[in-house]
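An overview of the molecular structure
Chain by chain, the residues:
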Amino acid sequence: MAIKNQELARIFERIADALELKGETGFRVLAYRKAARVLTDLTEDVAELDRENRLETVPGIGSGIAKKIHEYLATGKMKKLEEVTAGIEPGLFALLDIPGVGPRTVKLLNDKLRVKNIDDLKRVLMDGSAAQLPGMGKKKVENILKGLEQIERAGSRMYLNEAFELAELIIEYIRSGSDAKEVIAAGSLRRGRETVGDLDILATGSNPQQIVHRFVTFPMTRQVLSAGETKASIVIASANGLRQIDLRVVEPETFGAALQYFTGSKDHNVALRTLAQKMGLKISEYGVFRNDRRIAGKTELEVYQAIGLPYIEPELREDRGEIAAAQENRLPVLVRQEDIKSDLHIHTTASDGSSSLIEIVRAAQQLGYTHIAIAEHSVSAGYAGGLTADQLLSRCDEIDRLNENLKKFRILKSAEVDITPDGKLDYPDSVLARLDLVIASIHQAFNRDATRRVCNAIEHPLVHIIAHPSGRLIGKRPGYDINLEKVIECAAQNRKILEINSYYERLDLNDVWARQAKEAGVLIAVNTDAHSVSDLSWMRYGVMTARRAWLTRNDIINCLSLAQLMKLLARLRQSS
Ligand code: DGT
Ligand code: CA
Ligand code: CA
Ligand code: ZN
């Protein structure tokens with residue numbers, strides 16, 4: 001959605017909220033809510049519609065709303081918003097984010113119990129006074145408590161996809177409304193950590209105050225925690241809860257030092273500082289200093305070189321041996337997104353996906369891939385539309401026919417085969433032999449002998465890859481009761497491949513285990529496990545995880561050309 005659409009949708013929501021908080025109901029409120037919904041669903045950029053005088057052609061946008069949109073786009077302000085929010089405690093808007101709490105409830109609580117913010121709300125819920133109010137009651141109070149719990153839990157850490165999307169939104173917002181030169185997300189997001197606590201945005205520009213001002217007026221802002229001359233912190237309401245974003249505006253001469261410092265990790269920074277001290281240097285967010293004279297700071301490379309090191313990629317900065325490796329000039333040349341030529345674990349509508357095979361092929365071609373593997377679920381995965389052996393075989397025929405007509409692109413015949421509770425695969429070998437690539441994974445009976453079952457699958461002569469080997473779901477499920485050291489050892493012995501599943505809730509293998517696998521000589525597949533065209537973009541999270549695992553293009557089979565991959569897959573079967 002275009003950024004202006006989102007900004008304006010938020011503004012109209014807020015006007016409607018404010019009207020209701022003031023006790024108004026009915027047509028006017030509904031008109032603003034409707035305008036917000038229309039803007040959210042609009043595929044065209046509202047700024048363009050305004051330029052071309054076409055706003056009123058959009059159903060749901062009348063002349064009154066169109067005028068207000070125009071006013072905002074032309075001046076950056078909307079009188080109506082200022083008018084209706086005047087005199088309303090800012091904390092009241094934050095209460096509206098709690099599931100189960102609407103404007104009428106907030107008004108009631110504010111009128112009768114002088115509730116002004118979340119702390120007040122908690123107090124009146126706990127001491128029983130809220131339950132006494134007309135129309136509240138025990139049930140409603142319980143609901144609100146549940147809602148509070150929900151936003152507090154969600155307020156913990158973000159998945160990588162949410163963090164990236166949010167960072168892109170705020171960066172575009174700052175860029176489009178200020179003369180900022182550089183705007184970049186540092187912190188754990190830049191390091192590709194599997195979850196992100198808060199966003200750390202770094203900017204340079206000739207007018208820091210303008211950048212700070214633009215930042216704190218980000219439309220999703222619910223609370224400004226602090227706002228100074230060159231830094232600010234805000235809390236925003238995203239779909240999954242409340243999130244904090246920090247901003248720093250720095251001088252161009254110190255941008256590299258600040259970027260290095262705020263990228264972290266803290267442990268990496270501490271180790272660097274110790275190293276610098278031994279050389280008689282001081283390193284800080286302002287630069288590298290010798291006797292108070294700045295000798296580096298403009299770029300990160302300059303900072304690292306000043307303390308005698310080559311550039312260290314952000315994903316390696318975890319104090320896991322990267323500084324020693326840098327000193328000895330043995331840092332790996334990390335895999336890059338551009339090295340990826342294929343995605344080898346994709347579902348379509350034939351099992352539980354939502355995009356068709358053709359749609360997936362077109363999207364993969366657009367991504368620049370030369371081949372993909374279609375791996376539907378197998379027969380015992382009934383819940384996921386698993387294919388019977390016959391269905392799989394006719395699917396293979398279909399893919400063969402398609403491949404004849406595809407130029408410079410190849411679909412590999414594959415399947416994500418369930419490992420049964422007794423450690424077998426649920427297709428006969430004759431069917432598996434028809435496939436170019438066999439992926440095996442556990443989807444049932446998680447804790448029954450997981451290690452032995454996965455090792456059985458690895459030893460099966462027709463299996464190539466084990467998908468999501470640990471089975472964990474970040475923040476939701478710890479994973480199978482499995483001995484990954486054994487699994488890696490077994491994969492190494494049988495020269496089989498382990499997956500980094502790029503789905504942001506899996507990232508499985510994780511960075512630490514993938515690095516161990518590499519050290520044991522195991523090849524890695526980085527796959528999205530996509531169930532739709534848009535899921536193919538998850539590759540980015542898998543690649544970052546691979547980089548955090550110190551992997552190079554030579555460690556990853558998705559970097560092989562089609563010919564190289566086919567040779568490898570055939571060799572694996574011959575040697576087992
Ligand atoms: P997060 O937000 O919990 O996912 O993790 P980070 O790494 O983004 O941490 P955050 O947001 O607290 O701070 C951003 C960076 O700032 C951090 O990676 C390194 C730097 N930093 C923060 N506090 C300290 C500190 O006390 N010492 C040093 N050397 N660096 C710090
Ligand atoms: Ca952070
Ligand atoms: Ca931070
Ligand atoms: Zn899958």
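These notes cover the structure that comes with them. (Residues numbered from 1 in each chain as written. Chains lettered and ligands numbered in written order. Predicted model: local features only at pLDDT ≥ 70, side-chain atom pairs only at ≥ 80, totals over all residues. Heavy atoms only, no water.)

**Topic: the packing of aromatic side chains**
- Throughout the structure, instances matching the rule amount to eleven aromatic pairs.
- A ring pair is formed by Y159 and Y504, whose centres lie 5.7 Å apart and whose planes are at 55 degrees; its orientation type is tilted. Linking Y159 in strand β1 (residues 158–159) with Y504 in the loop between β16 (497–501) and α23 (511–519), this pair joins segments that are 345 residues apart in sequence.
- When the centroid spacing of 5.3 Å and the interplanar angle of 65 degrees are considered together, the rings of Y173 and F218 count as edge-to-face. Taken together, the positions of Y173 in helix α11 (residues 160–176) and F218 in the loop between α13 (208–216) and β5 (221–227) put the pair 45 residues apart, joining distant regions of the chain. Note on accessibility: Y173 and F218 belong to one class, buried.
- An aromatic cluster is built from Y159, F164, Y503, Y504, W538 and Y541, whose rings are joined through pairwise contacts. (Phe/Tyr/Trp six-rings, centres within 6.5 Å; stacked < 30°, edge-to-face > 60°. Helix = DSSP H or I, 4+ residues; strand = E, 2+ residues; numbered from the N terminus. Buried < 20%, exposed > 50% of the residue type's maximum accessible area, 1.4 Å probe, protein only.)

**Here's the deal with the coordination of the calcium ion (ligand 2)**
- Summarising the metal site, the calcium ion (ligand 2) is bound by the protein donors D198 (O), D198 (OD) and D200 (OD), whose distances to it range over 2.2 to 2.6 Å.
- Taken together, the six donor atoms surrounding the calcium ion (ligand 2) define angles of 69 to 167 degrees at the centre, an arrangement classified as irregular.
- Here the calcium ion (ligand 2) and the calcium ion (ligand 3) are spaced 3.8 Å apart, with D198 acting as a shared donor.
- Accessibility expressed as a relative area gives 24% for D198, which makes it partly exposed. (Donors = N, O, S within 2.8 Å, 3.2 Å for Na, K, Ca; no water. Tetrahedral: all angles 85-135°; square planar, octahedral: opposite > 155°, others 65-115°.)

**Topic: the sheet that holds strand β7 (residues 241–249)**
- Spatial ordering of the open sheet is given by β2-β4-β7-β6-β5, a layout of five strands whose pairing is mixed. Taken across any chain shown, the strands that pair with only one partner, and hence form the sheet edges, are β2 (182–185) and β5. On average, each strand axis in the sheet is inclined to that of its neighbour by 20 degrees, with strand direction left out of account.
- Pairing geometry for strand β6 (residues 231–238) and β7, over eight bridges, is antiparallel. Counted as the bridge partner of A237 is L242 from β7.
- Lying over the sheet, α11 contacts β2, β4 (199–204), β6 and β7, oriented at roughly 165 degrees with respect to β2.
- Relative to the sheet, α13 contacts β4, β5, β6 and β7, its axis offset from that of β7 by approximately 175 degrees. (Pairing = 2+ DSSP bridges. Axes fitted to C-alpha atoms, helices over the stretch in contact; angles between N-to-C directions. Contact = heavy atoms within 4.5 Å.)

**Examining the packing of α11 against α13**
- It is the contact of α11 with α13, at a shortest axis distance of 9 Å, that shows an interaxial angle of 135 degrees. The angle between α11 and α13 places the two elements in the oblique class. When you trace α11 past α13, the crossing you get is right-handed. Taken together, the residues of α13 that come into contact with α11 (itself represented by I170, Y173, I174 and S176) are I211, R214 and F215. (Parallel < 35°, antiparallel > 145°, perpendicular 65-115°, else oblique. Left-handed = near helix turned anticlockwise from the far one by under 90°.)

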